[in-house]
Amino acid sequence: MVFAVEEINNSTTLLPGVRLGYHIFDSCGRPPWALQAALSLVGGDGSSCISSDPSEKSATFKERYRKGDHPVPLIVGGASSLTAQTLSRILGPLSISYLASCPCLSDRLQFPNFFRTIPSDIYQARAIARLAIRFKWTWIGAVVANNDYGLMAVKVFQEETQGKEVCLAFVETLQRDRIVSDARRAALTIQASTAKVILVFSWYTDVRELFLQLAKINVTDRQFLASEAWSTSDDLLHDPVTKKVASGVLGVAIRSSSIPGFQNYLKSLNPITRPSDDFLKEFWEKEFGCSPTATNQSANKFPLKAALPPCSGAESLQHPFTDTTQLRVTYNIYLAVYAAAHALHSLLTCPHMDSSMKNKRKSICSLKLNQPIKPKELLQHLKDVNFTTPQGEQFYFQGGDIPPKYDLVNWQKMPGGSQKLVLIGRVDEFNLHFNDSAIQWSTGSNQVPVSVCSPSCLPGTRKANKKGEPLCCYDCFQCADGEISNATDSLHCERCPSESWSNVERTTCIPLQLDFLSFNETLGIILITAAVSGAAVTTAVFVVFLYYRQTPMVRANNSELSFLLLVSLKLCFLCSLVFIGRPSVWSCRFQQAAFGISFVLCVSCLQVKTIVVLAAFRSARPGAEALIRWFGAGQQRGSVCLLTCIQIIICATWLSLSPPVPQRDLDFQGSKVTLECAMTSVVGFSLVLGYIGLLACTCLLLAFLARKLPNNFNEAKLITFSMLIFCAVWVAFVPAYVSSPGKYAVAVEIFAILASSYGLLLCIFTPKCFIILFRPERNTKKNLMAR
């Protein structure tokens, strides 16, 4: 402050011709004493805790100018928010504080005369919140002072991170009068919590006790976020306990700046050249162990017990106080003095001065120099202050505050094991400006620590909140089939469009693959083999019957119908091949027609054979000779053709009016879409199956009636067994077909065709072939007519 006043007094542009003075009172860090010092301005008592000389130590900053001693009603202080509130509420003086950062002081209705050169604490809480968002720390613990400073920080932090998926794992408070127990409780909470990043918003003495308790329980793996109250504390930075517990601290600090010439000014201070400065004399005696003026030894306020030798005058002040590389509070005081000076300069400037008289040396209106300064006048000029500091910074007030600016600092370990405060970036009201790679974290590396309640849900999964837990604690569930999520921490899975399906990872929708019963898949190959084998066996039987067509076994059982039956069975086996392969318009039409006609032809042959057997035995009775004439060879062929033509008419009508068409089955959920022959007319398909069923049931009934006819080789028994198998297969086919998905419905139909065809072939022709090939002695008319 003294340096700034002297710099202004030596300026030729700021308050030229006017000389500023000051009184300093020491409040000793206690608000009641600050109030006492302020009241002394009214009552005239200038006592303080250090000096009894009111002309040298005063809590008031006064400015004096050339003609007369005119005190300006302005205080630079107080040094704390509580002091500033106390002074503003009780006395209401015009004041500029350099350290009172409580957000409450921004209320212009309650504190209209208050200004400050330090930002409101709201902005540092917001800056820390933005750091948490920037580094994706979603699970943070908080230890704060149990007062407006700490509780406000928690509130602002939560407001700033609302909707950003950042949660507080816990909030512990520290009370000054029970700091040991509170710090122990907070340390145990930190140890038990899974939060790896801890926000500490408290005074540095409280933080020291917290670190001591953490060291006792060996908690050394936490990353601390520091408020400006302790982020630049040298006591903590170089404390051995702190080095063990809190390395790599990342904090917000009061913005720093250099003051040109200030370091030289400090080093030039000497009590010999400033004999009236008692503080400087006491400091000199303690620092160098000598007396600047031996004759003044007895005049010291706190005389030493032993007389000190006189100083040589060559002592050079080398002290931490002379380090001006990072001036923080010091720079705020510097700005406060300059703000007051510029406001006074603006007030004392004559607005109607002739332009020819306006120059750098004649900018103060002499008419105003003898007039007392009114607080209301200076207040208005303080509101309008806007100037450029000697450091080139633009300075102005926004209400009573300044635009928020902070430094970002990092505690970094040096090779020797000590810790150093490193400036890594800056913060303004809206943005963070720093390089992530410049930060040294608590792990000692540049890898950002992770502090989350639950790990991020990867693409292909969705988040589901845990019941009774904060939003940051959740489980990750894989998206269901047909759903995807292509972003991290998705809340919902999106349904794929109807023509696509989710991939295995559930991260993207892929076009559905066409699925049908193909020739080259295992199931298709098995069915083809079975069909071809059946056709081959049928052909072999046909050849055997053709070769032995003159034998009684072949001739006795209506060889013409037997050959026609074998041909129809072969068609039944081969028609199953039409169902395999990619469905097309013509294949869909042909497969059902081939299936329906082949089986009707087959069953018709069996039915006519059964009727012939019945007619042959009934004709042996008296008066029934004419019965056999109605079932001669021509009638048999005609019956088969008639029954088959009915099916042909049904199929032709169905296929002409509403034929099956190839269609994608989108009802079945999966990565594949079945291409199938859709039955556009269920009635047509039902008539085809119903007609086959009617013939089969009729044939079964007739064969059952003829099963006990007197014949050594009763073919009616064989037809009965074959039709029982046939009917059983097709009765089981209907529910199996309806319940089978996709291509498996086609496989079920092919299986039914093959099973029923094999049943007819084996039951009817196996016994005959066995006798023809292996028991030729039984293949005689006498043996067949024995009964």
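Above this note sits the structure.
Within every chain, residues take consecutive numbers counted from 1 along the sequence as written. The predicted origin of the model limits local features to residues at a pLDDT of at least 70 and limits the giving and counting of side-chain atom pairs to 80 or more, whereas totals for whole chains, interfaces and linings rest on all residues. In computing side-chain values, all of the structure's heavy atoms are included and hydrogens and water are not.

1. Quick word on the overall build of the protein
Consideration 1: Tallying secondary structure elements over the protein gives 23 helices and 22 strands in all.
Consideration 2: To sort residues, take the accessible area from a 1.4 Å probe on protein chains only and compare it with the maximum for the residue type: under 20% means buried, over 50% means exposed, and anything in between is partly exposed. With 787 residues in all, the protein has 49% of them scored as buried.
Consideration 3: Accessibility throughout is a Shrake-Rupley quantity obtained with a 1.4 Å probe, and a residue counts as covered only by protein chains that appear here. Accessible area for the protein stands at about 38100 Å²; split by element, carbon and sulfur atoms hold 59% of it. Strands here are runs of E lasting at least two residues and helices are runs of H or I lasting at least four, both read from the DSSP assignment and numbered beginning at the N terminus.

2. Some words on the pairing of strand β22 (residues 672-678)
Consideration 1: Across the seven residues that make up β22, a large majority, five, are buried.
Consideration 2: Strand pairing follows a simple DSSP-based rule, namely that at least 2 bridges must link the two strands. The pairing of strand β20 (residues 513-515) with β22 spans three bridges and is parallel. When the bridges of β22 are listed, L514 appears paired with V673.
Consideration 3: Relative to β22, strand β21 (residues 661-665) runs antiparallel, the two sharing five bridges. Considered in β22, the bridge of Q663 is made with E676.

3. Comments concerning a nonpolar patch on the surface
Consideration 1: A cluster of nonpolar residues, L39, I90 and L91, forms a patch on the protein surface that exposes about 250 Å² of accessible area.
Consideration 2: Topologically, L91 is positioned in the loop between α3 (81-90) and β2 (94-97). To count toward a patch, a residue needs a relative accessible area over 30% and no salt bridge; like charges are then connected within 9 Å, while nonpolar side chains (Val, Leu, Ile, Met, Phe, Trp, Tyr) are connected within 5 Å. Within this document, salt bridges are pairs made up of a side-chain nitrogen of Lys or Arg and a carboxyl oxygen of Asp or Glu, the two lying within 4 Å of each other.

4. As for the pattern of salt bridges
Consideration 1: One pass over the full model with this rule turns up 22 salt bridges.
Consideration 2: Among the salt bridges present, the one from R185 reaches D182, with a minimum N-O distance of 2.9 Å. Remark: D182 and R185 occur in helix α6 (residues 179-192); sequence separation between them is three residues, near one turn of the helix.
Consideration 3: On the basis of relative accessible area, R185 is assigned to the partly exposed category, the value being 34%.
Consideration 4: Residue D182 is classed as buried on the basis of its relative accessible area, which comes to 3%.
Consideration 5: Put simply, D407 and R426 hold a salt bridge, and the shortest N to O gap is 2.4 Å. Highlighted residues: D407 in strand β11 (residues 405-413) and R426 in strand β12 (residues 419-428), separated in sequence by 19 residues.
Consideration 6: Taking relative accessible area as the criterion, D407 reaches 0% and is therefore assigned buried.
Consideration 7: Ionic contacts of the salt-bridge type, sharing partners, join the residues E172, R178, D182 and R185 into one network.

5. Here's the deal with the state of the cysteines
Consideration 1: We call a pair of cysteine sulfur atoms a disulfide whenever their separation is within 2.5 Å. All chains considered together, the criterion is met by eight disulfides.
Consideration 2: A sulfur-sulfur separation of 1.9 Å characterises the disulfide bridge that pairs C290 with C311. One quick way to see it: the torsion about the S-S bond of C290 and C311 is about 95°, and its sign makes the bridge right-handed. Separated by 21 residues along the polypeptide, C290 in the loop between α11 (278-288) and α12 (329-348) and C311 in the loop between α11 and α12 bring together distant segments of the chain.
Consideration 3: Residue C290 is classed as buried on the basis of its relative accessible area of 6%.
Consideration 4: A sulfur-sulfur distance of 2.0 Å marks the disulfide that ties C479 to C493. An S-S torsion of about -75° defines the bridge between C479 and C493 as left-handed. Here C479 is found in the loop between β15 (474-478) and β16 (483-484), whereas its partner C493 is found in the loop between β16 and β17 (494-495), with 14 residues between them in sequence.
Consideration 5: The thiol of C697 is not disulfide-bonded; the next cysteine sulfur, from C727, is found 4.8 Å away.

6. A look at the nonpolar core
Consideration 1: Among the nonpolar cores identified, the biggest contains 67 residues, and F545, M723, F726, W730 and F765 are the most heavily contacted of them.
Consideration 2: The set of elements that each furnish at least two residues to this core consists of α14 (522-547), α15 (552-555), α16 (559-575), α17 (585-618), α19 (633-657), α20 (682-705), α21 (715-739) and α22 (743-774).
Consideration 3: Here this core takes 13 residues from α22, the largest share from any one element.
Consideration 4: Contacts are assigned to residue pairs with any non-hydrogen atoms lying within 4.5 Å of each other. Apart from residues no more than four positions distant in its own chain, F726 is found in contact with F599, V603, I692, A696, S756 and L760.
Consideration 5: Listed in part, the 50 residues of the second largest apolar core include F262, C311, L335 and A339. Nonpolar core, defined: a set of buried Ala, Val, Leu, Ile, Met, Phe, Trp, Tyr and Cys residues in which side-chain atoms within 4.5 Å join the residues together.

7. Comments concerning the environment of P119
Consideration 1: Among the structural elements, P119 can be located in the loop between β3 (114-116) and α4 (121-134).
Consideration 2: Here P119 falls in the buried class, since its relative accessible area comes to 4%.
Consideration 3: In the structure, P119 is positioned 21 residues away from Y98 in sequence and 9.3 Å away in space, judged by C-alpha atoms.
Consideration 4: Discounting residues that sit within four places of it in the chain, P119 has contacts with S101, I402, P404, K405 and Y406.

8. Quick word on the packing of α4 against helix α5 (residues 148-161)
Consideration 1: Put simply, α4 and α5 touch, their axes get as near as 8 Å, and they point 45° apart. As far as their axial angle goes, α5 and α4 are oblique. When the axes of α4 and α5 are compared, the crossing they make is right-handed. Judged by residue contacts, D121, I122, Q124, A125, R126, I128, A129, R130, A132 and I133 of α4 engage Y149, M152, A153, V156, F157, E160 and T161 from α5. Angular values range over 0 to 180 degrees, each being the angle between N-to-C directions of two axes fitted as lines to C-alpha atoms, with helices fitted over their stretch in contact. Reported orientations rely on four angle classes, namely roughly parallel under 35 degrees, roughly antiparallel over 145, roughly perpendicular from 65 to 115, and oblique for the rest. In this scheme, a crossing is called left-handed if the near helix is turned counterclockwise away from the far one by less than a right angle; it is called right-handed if the turn is clockwise.

9. Points about the packing of aromatic side chains
Consideration 1: Between rings of Phe, Tyr and Trp, where Trp is taken as its six-membered ring, a pair exists when centres lie within 6.5 Å; planes separated by under 30 degrees are stacked, by over 60 edge-to-face, and by other angles tilted. Taken as a whole and assessed by the stated rule, the structure comprises 32 aromatic pairs.
Consideration 2: Ring centres of F211 and F224 lie 5.1 Å apart, and the angle between their planes is 65°; this geometry places the pair in the edge-to-face category. Taken together, the residues F211 in helix α7 (residues 204-216) and F224 in strand β7 (residues 223-226) connect sequence positions 13 residues apart. In terms of burial, F211 and F224 fall into one category: buried.

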